[in-house]
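# Residue-level structure breakdown
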Amino acid sequence: ETGVTQTPRHLVMGMTNKKSLKCEQHLGHNAMYWYKQSAKKPLELMFVYSLEERVENNSVPSRFSPECPNSSHLFLHLHTLQPEDSALYLCASSPGVYSNQPQHFGDGTRLSIL
Amino acid sequence: TQLLEQSPQFLSIQEGENLTVYCNSSSVFSSLQWYRQEPGEGPVLLVTVVTGGEVKKLKRLTFQFGDARKDSSLHITAAQPGDTGLYLCAGVGSGYSTLTFGKGTMLLVSP
């Protein structure tokens, strides 16, 4: 069983659709993250949660809405996305929110906006 | 803003060759992490280097952290097709702070 599981692996949606990405970690970690990975760009941190509380929001548009119901689950709700939002969305977890702790990544959701 | 520059951006070599990829910054980091991301998967941590001048070896991979803790290199000896992937470096700040990632070096090793 992989430590961090993301579903779905692939998602194609229109600009007016509403969908959600799901992330689940089985590592007992307290911190969870959402990243966006686009071609030829560094990994962009979107949101950080520590013990279900959002501790960082890196100026992400409101069409992305995170939810962390417990320390094992993280969602990213998507609404009225733009073509430039097409990317690989990665979830990660770490024991705590301090950056010297290694992050464990899921395999991502490949999102395509039509 | 801390930036990490990785070079080269893309490297295509034959099996058995040696290679070095670089990760450079004008900022000092408390430590630096290297990840490998294979096609269709998420990044996986390879190593963390902490002390300036530190050298760590992981089988055929040798990681070095610069004396000033601003740069790092990854050397692969006798590359194999299984080494193919995107190599990412990530700088670690102090205390509570987030990782700073480079854009990565895409390595393709052909049989």
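Residues numbered from 1 in each chain as written. Chains lettered and ligands numbered in written order. Predicted model: local features only at pLDDT ≥ 70, side-chain atom pairs only at ≥ 80, totals over all residues. Heavy atoms only, no water.

## A short note on the overall build of chain B
The helix and strand inventory of chain B stands at zero helices and eleven strands. Reading the secondary structure of chain B in the N-to-C direction produces β-β-β-β-β-β-β-β-β-β-β. Since a compact globule built from 111 residues should have a radius of gyration of about 13 Å, the 13 Å found for chain B is in line with a globular shape. Here chain B, with 111 residues, has 48% of them falling under the buried criterion. For chain B, contacts bridging at least 24 residues in sequence account for 54% of all contacts bridging at least 6. (Helix = DSSP H or I, 4+ residues; strand = E, 2+ residues; numbered from the N terminus. Rg over C-alpha atoms; globule rule 2.2 N^0.38 Å. Buried < 20%, exposed > 50% of the residue type's maximum accessible area, 1.4 Å probe, protein only. Contact = heavy atoms within 4.5 Å.)

## Notes on the interface of chain B and chain A
Contacts between the two partners involve 20 residues from chain B and, on the opposite side, 23 residues from chain A. Taken together, both faces of the contact between chain B and chain A bury some 1700 Å²; the carbon and sulfur share is 57%. The interface formed by chain B and chain A includes four residue pairs in polar contact (both at pLDDT 80 or more). Residues that form the side of chain B that touches chain A fall into these classes: nine nonpolar, nine polar and two charged. (Buried area = accessible area lost by both parts, 1.4 Å probe. Polar contact = N/O pair within 3.5 Å; in protein donor to acceptor, adjacent residues only side chain to side chain. Nonpolar A, V, L, I, M, F, W, Y, C, P; charged D, E, K, R; others polar.)

## What about the state of the cysteines?
Residue and element names in this part refer to chain A. All chains considered together, the criterion is met by two disulfides over all chains. Each sulfur in the disulfide pair Cys23 and Cys91 lies 1.9 Å from the other. Looking down the S-S bond of the Cys23 and Cys91 bridge, the torsion is -75 degrees, so its handedness is left-handed. Linking Cys23 in strand S3 (residues 18-25) with Cys91 in strand S9 (residues 87-94), this pair joins segments that are 68 residues apart in sequence. Both residues of the pair, Cys23 and Cys91, belong to the buried class. (Disulfide = S-S within 2.5 Å.)

## Examining unusual backbone geometry
Residue Pro8 of chain A is bonded to the preceding Thr7 of chain A through a cis peptide linkage, with omega at -10 degrees. Relative to the assigned elements, Pro8 of chain A resides in the loop between strand S1 (4-7) and strand S2 (10-13). The linkage connecting Ser7 of chain B with the following residue, Pro8 of chain B, adopts the cis geometry, with an omega of -10 degrees. Note on placement: Pro8 of chain B falls in the loop between strand S1 (5-7) and strand S2 (10-14). Of note, the phi angle at Leu51 of chain A is positive, near 50 degrees, even though the residue is not glycine. By the secondary structure assignment, Leu51 of chain A is in the loop between strand S5 (44-50) and strand S6 (53-57). Backbone geometry places Thr80 of chain A, a non-glycine residue, at a positive phi of 55 degrees.

## Describing the sheet that holds strand S7 (residues 64-70) of chain A
All names here are of chain A. Spatially, S1-S3-S8-S7 is the arrangement adopted by the four strands of the open sheet, whose pairing is antiparallel. This sheet does not close on itself; its edge strands, each paired only once, are S1 and S7. With direction set aside, neighbouring strand axes in the sheet form an average angle of 20 degrees. Judged from the four bridges that link them, S1 and S3 form a sheet pairing that is antiparallel. Bridging from a neighbouring strand, Val4 pairs with Gln25 of S3. (Pairing = 2+ DSSP bridges. Axes fitted to C-alpha atoms, helices over the stretch in contact; angles between N-to-C directions.)

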